[in-house]
Every structure is written in structure tokens, then in C-alpha cells.
Amino acid sequence: MSNVQQLLGCLAALYVGWRILRFFVVAKSPLDNIPGPASESFISGGIEKIMDPRAAWDYQRGLVERYGRLFKIHGLFNAKWLYTYDPRALHSIFIKDQDVYEETDMLISMFNVLTGPGLIATLGSSSNNPGGSAKLRSFTIGDQHRRQRKMLNPVFSAKHLREMTPIFNAVTGRLLDAIAYRVENGTTEIDVLGWMSRTALELIGQGGLGYSFDPLTEDRADDFADSIKAFFPVASQVPAAIHQLLPWLVRVGPPSFRRKMVEMAPFGVVQRLRQITDTIHTRSIAIINEKKAALERGDEALKEQVGEGKDLMSVLLRANMSASAEDRLADDELVAQVSGLVMAAMDTTSNALSRILHQLAKHPDVQEKLREEVFLARDDGTGKLRDLDYDEVMELPYLDAVCRETLRRYPPVRGLFRIIRKDAMLPLSAPIRGLDGSLIDVVPVTKGMLIVTDIEASNCNKEIWGEDAYEWKPERWLKPLPSAIEDAHIPGVYSHLMTFIGGSRSCIGFKFSQLEMKIVLATLLPAFKFELSDKPIFWNAAGITYPSAGDYSTKPEMPLKVTMIRA
């Protein structure tokens, strides 16, 4: 056994021993009076079903319908966790007291080590961030998140999105050509998820970074693109013990020592992840350096690049050069934004688009109605179709309704963990009944406790959305929403939904994502009809939900039958 294995084994044994001792020594918890399901195992508590990609859907919905807006579940080693979708509790967690409820050290450490000190790897509070960067740098401080967000917010403005709309139209035009080539001889089954993933990567590449990863009309290998696609699947295979120990491991010795530890780790998946992150980091540096060099050469040099200097990264670099010293982002922060932007945008958008096309295939009447709206909007008066500009595509009512309803009913991210950084009181929108029969309208929470926030349950809360909350009905957005929705004060940044959450950690690129989805749909629907194939599609409950074909496969794919209806 190597020294690294011995060290990891000792740390794992110490962690398990501490959790067991804590379980027996700490007799009381402020959650003892909160209702919830019984623990099924001392080791895994009750989270195995929540983490099961197939069983989680029915299990979590069953918990929500039985216990309501807030209840208790058991986590690893029977730790008591809160589970909630209560509107007022969510407002406290994501808005009012967001410095109390932060991302877990494990998640922050993982992204900091693997991608560097970017927006997704820094805390919003003033506490220190655990971890280093992809090159195992030292600690970063929490107010980086506020400073980075201040710099990035203007980049995602409607003004810049308007300028990027022609780029999006050009990319989706190549997607149309690629699919048309494959279905020109008649109805053909194609992997829609694969094409949505390639398109989302190219859209964030050209629109976000001013860089082309994939011509779409031909198959071309790209190590950066391949590494981005492999990142989350490989990261999910890293042993759970390493994930749990990561916040402590990143504090061991200087960065060079930690780098050596990673290189010596006797796990194939760790070495594969190291290769992936090295590839991403190296290419990110090259993209930033190329952008900087073009900026120094002037506007004419930028116009010769992909995106002609209108991409988000070019805009960010210009703003960063003119920012004050205290607001300016360091080079390692800029490099981290490259991988952060791509990772945050690719899977969520491609899977959301795939979900919309899956729903349209299941509901051909909705597909035909949407196709008619888009066709009429794009008709130039001679029977030919023109590209829509930003305002035109964003204002199509039925297209907007289909996108909103899909993001409401099927959020790509089902829920989020938060850890409590200091003792606090969590308020509820209405009292719940405790196990002793008493009414509880505020729950005491203690430092170190975990909270699971259920995004899907919030979006499908029958108290707010009505008895048909779990039904997919785009038409609900074509009429005034029930007053209960307005009165609930859901703290999301988008349409009374928690899909993009809210507060300082809300999805900064949600408008970018909306534009991507709408332009892709407005391009494809006039040309193609999408139908279900003979292969059943199942959506897997994961960090980002994804489809697979068949009853047992978990391979990401979504085959649909595609027919060309207009050349």
C-alpha cells in the first residue's frame, strides 16, 4: 500500500470515527421535533433513494406530498438534514440571510481545485474558501464572488445579448444543415441530446468566449470540447470518501505538495479527472491570452476573431482593463471564468432543450401550434424564412410559454444543498405541526447542519400553482397567473420559479440560456417534425437531469424520429 493510500485510509477512518462518536455523544437536535421519514441505514440514512437516478422522482414526490413544505431526512451517518421548499424559508436561505446558508465546503473545494477561483467556486460570504485551482493553488477569499459578479453582471445585459443574436442564428443555421443532411432521405432516428450538447457548446464558445469548438456540419475532434463533456461524468465517479475529505485535503501542505499527491493518487478516475482539468486549464489560458493580445492590437484585430469582439469574454476583458484596482480580476480569476462559463452553460441548456423537444414529441398538437407561430414570425412575405432579431424571438408568446412551462415543470437542476455557517432561525410561510403536536412557524438551525432545497417541489407547489401543478401546460402562461403565485413571493430571478434560484448565487447567465433555447427552437421547428421513437426515454435524477434510452441504460442520449418538412 502506497503512502498516499495509507494517508487517505487514515483520514477516512478518522472521519468515520468522528461521525460515529458525534452520533452517540450529541443526544439532542433542534430537528428532533420536525416530522420526516425514518432512517433506513446508519451509514446512508435515507439519501440512497434521493440519489438513485430512477427511484428519486417518485420517492421525493412521495415525501413532499406526505410531509409538506418542510421536513427532516437522515443523511450520511444518520445526520439530521432539513428538506424544504417553503417560500419564506427559501427567501431566507437565498436572499435575506444568504450569508448564513452557503454552498457546502465539499462543492466549493471541488470546483476550486478543478476549475480555479471562478464564479462557481467562490463563496458569497466573507469566509475563506476551501481549496485551490486546477493547478492546486492556495485559498481564495469569499468576497471574490461579489467582486466577480459585479464585473460579470453587465456582460449579460440585454444590450450585449442583442449583439450576439446574429452569432446564435449563424450557429443554429449550421445545426439545421447538419440535421437536414442526416434526414434528407426520409424520417431518421437521431440522438437529439448529442446534437443539443454540440450546439450548446458551440453557442457558449462563440457567444461566450469568441472561440469555435465544433463546426457542427462535420465531425472534428477537439480535446477541450471532449474534456468539458467528460468533466461531470468522470467527477461523479470519484469515490465518495474523497469528496467528503476534499475540504480537509486541500489544506494539507503547499500547492506543489497537493499537486504531487494528486499525481500519486492510486485511482484511475482521479488521474483521468486530472488530465481533463489540465486540458481545460491549458486551453483556458490560451483563450484568455489570445483575447488579450487581440485587444492590445485594437478593434480591427478583434473583428478578425470568432464573434468579432462581441462575445462575453471580450466584453469582460475590456471592462476589466478599465476597472479600478480593487475591482479588477486577476489572471487566474479570468482563466477560471472560461471553464466556469462553459461548464455552467453546456449541460443545463442542452438538457433543457432536449426536454422541450421531448415534450413537443409527446404533445404533437403543441408542437404544431408552436411551429405555426414561429413560421408566421419568420416569413419574410415571399414564403422564405428570415432570422429573427433578439426582441422578435424573445417576444413570441407561445414559444415563451413552452420554454417557461418546461423550465417550471422540469428544472434541469432538481435541488441544491446548503450548509449553515452559523446558528440561526429559519422562518416558515405557515406553521407546520411538530411530532409533539405543537405548531412550528420558525425552526432553529445550527452551524454545520445541511439543508436540501427542492427546486422542483417549489415550482410544482400545489398550494401556489393549483392542483394541476405537476401537469405540463404551456397555456397557463398565456393568461394571468393566479394571485397565490404573486403572493407567495418566490425568491427566484425568473417567473416566480426557483429554476435559476435567486440572490447572489442565482444563475448569472439565465437570459443567455433563454436566448439560446428560443433561437434553436425557432430554427429547427419550421424545418423538422420531432416524434417519439420505439425506444423509451427515461430522465435520470442527477446533479443535472439527463435522458437515456431504455429501461436500464444510464448512457446520456435521447433518440427521436426526425422528419424534414421544409427544405
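Remember, predicted model here, so these are calculated numbers, not experimental data.

Rules behind the numbers
Residues numbered from 1 in each chain as written. Predicted model: local features only at pLDDT ≥ 70, side-chain atom pairs only at ≥ 80, totals over all residues. Heavy atoms only, no water. Salt bridge = Lys/Arg side-chain N within 4 Å of Asp/Glu carboxyl O. Helix = DSSP H or I, 4+ residues; strand = E, 2+ residues; numbered from the N terminus. Pairing = 2+ DSSP bridges. Buried < 20%, exposed > 50% of the residue type's maximum accessible area, 1.4 Å probe, protein only. pLDDT = per-residue confidence, 0-100. Contact = heavy atoms within 4.5 Å. Phe/Tyr/Trp six-rings, centres within 6.5 Å; stacked < 30°, edge-to-face > 60°. Lys NZ or Arg CZ within 6 Å of the ring centre and 35° of its normal. Expected span 1.5 Å × (residues − 1). Bend = angle between axes of the 7 residues up to and from the residue. Polar contact = N/O pair within 3.5 Å; in protein donor to acceptor, adjacent residues only side chain to side chain. Core = buried A, V, L, I, M, F, W, Y, C linked by side-chain atoms within 4.5 Å.

Student: Explain the pattern of salt bridges to me, please; I cannot follow it from the model alone.
Tutor: Side-chain pairs of opposite charge can arise whenever the charged atoms involved come near each other. Throughout the structure, instances matching the rule amount to 34 salt bridges. The partner of Lys292 in a salt bridge is Asp331, with the nearest N and O atoms 2.6 Å apart. On the criterion of sequence distance, the pair formed by Lys292 in helix 12 (residues 268–297) and Asp331 in helix 15 (residues 331–362) is long-range, its members being 39 residues apart. Between Arg386 and Glu392 there is a salt bridge; the shortest N-O distance is 2.9 Å.

Student: Honestly, the sheet that holds strand 10 (residues 450–454) in this entry has me stumped. Any pointers?
Tutor: What holds strands together in a sheet is hydrogen bonding between their backbones, with the strands either parallel or antiparallel. Spatial strand order, 1-2-10-7-3: five strands in an open sheet with mixed pairing. Both edges of this open sheet fall to strand 1 (70–74) and strand 3 (101–102), since each of them pairs with a single strand only. Alignment of strand 3 against strand 7 (residues 415–420), held across two bridges, turns out to be antiparallel. Residue Glu102 lies in a different strand from strand 7, and its bridge partner there is Ile419.

Student: Would you take a moment to explain helix 5 (residues 105–115) for this structure?
Tutor: Side chains of residues three or four places apart in an α-helix project in the same direction, reflecting 3.6 residues per turn. Buried residues dominate helix 5, accounting for eight of its eleven residues. Where helix 5 is concerned, the buried positions are Ile108, Ser109, Met110, Phe111, Asn112, Val113, Leu114 and Thr115. Two residues or fewer past helix 5, Gly116 is found with a positive phi of approximately 95°.

Student: Whenever I open this one, the confidence of the model for the chain confuses me. Can you help?
Tutor: Any region with low pLDDT has predicted coordinates that should not be read closely. With 89% of its residues at a pLDDT of at least 70, the chain reaches an overall mean of 86. Segment residues 126–141: pLDDT under 50, and 71 contacts once partners within four positions in sequence are set aside and those in other chains are kept.

Student: In this structure, what is going on with the packing of aromatic side chains? I would like to understand it.
Tutor: Inspection of the entire model under this criterion finds eleven aromatic pairs. Through a chain of ring-to-ring contacts, three or more aromatic side chains come together here, namely Tyr67, Phe71 and Tyr83. Between the NZ or CZ atom of Arg408 and the centre of the ring of Trp465, over which it lies, the distance is 5.3 Å.

Student: Even after reading the chapter, I still don't get helix 9 (residues 223–235), so can you show me in this structure?
Tutor: Over its 13 residues, helix 9 runs 17 Å from end to end, which matches the ideal 18 Å to within 8%, given 1.5 Å per residue. By the largest-angle criterion, Lys229 marks the main kink of helix 9, which is about 30°, and a proline, Pro233, follows within four residues. Those residues of helix 9 that fall on the buried side of the exposure criterion are Phe224, Ala225, Ser227, Ile228, Ala230, Phe231, Val234 and Ala235. Two or three places before Phe224, at the start of helix 9, stands the capping residue Asp222, its side-chain oxygen 3.0 Å from that residue's backbone nitrogen.

Student: Can you walk me through the nonpolar core in this structure?
Tutor: Core analysis: the largest hydrophobic core is formed by 163 residues, its most contacted members being Leu82, Met196, Leu360, Leu426, Val443, Phe528 and Phe530. Sort the elements by how many residues they give to this core and helix 15 lands first, with 14 residues. Sequence-distant contacts of Val443, defined by excluding residues within four places in its chain, comprise Leu31, Ile34, Leu70, Leu82, Ala424, Met425, Leu426 and Leu428.

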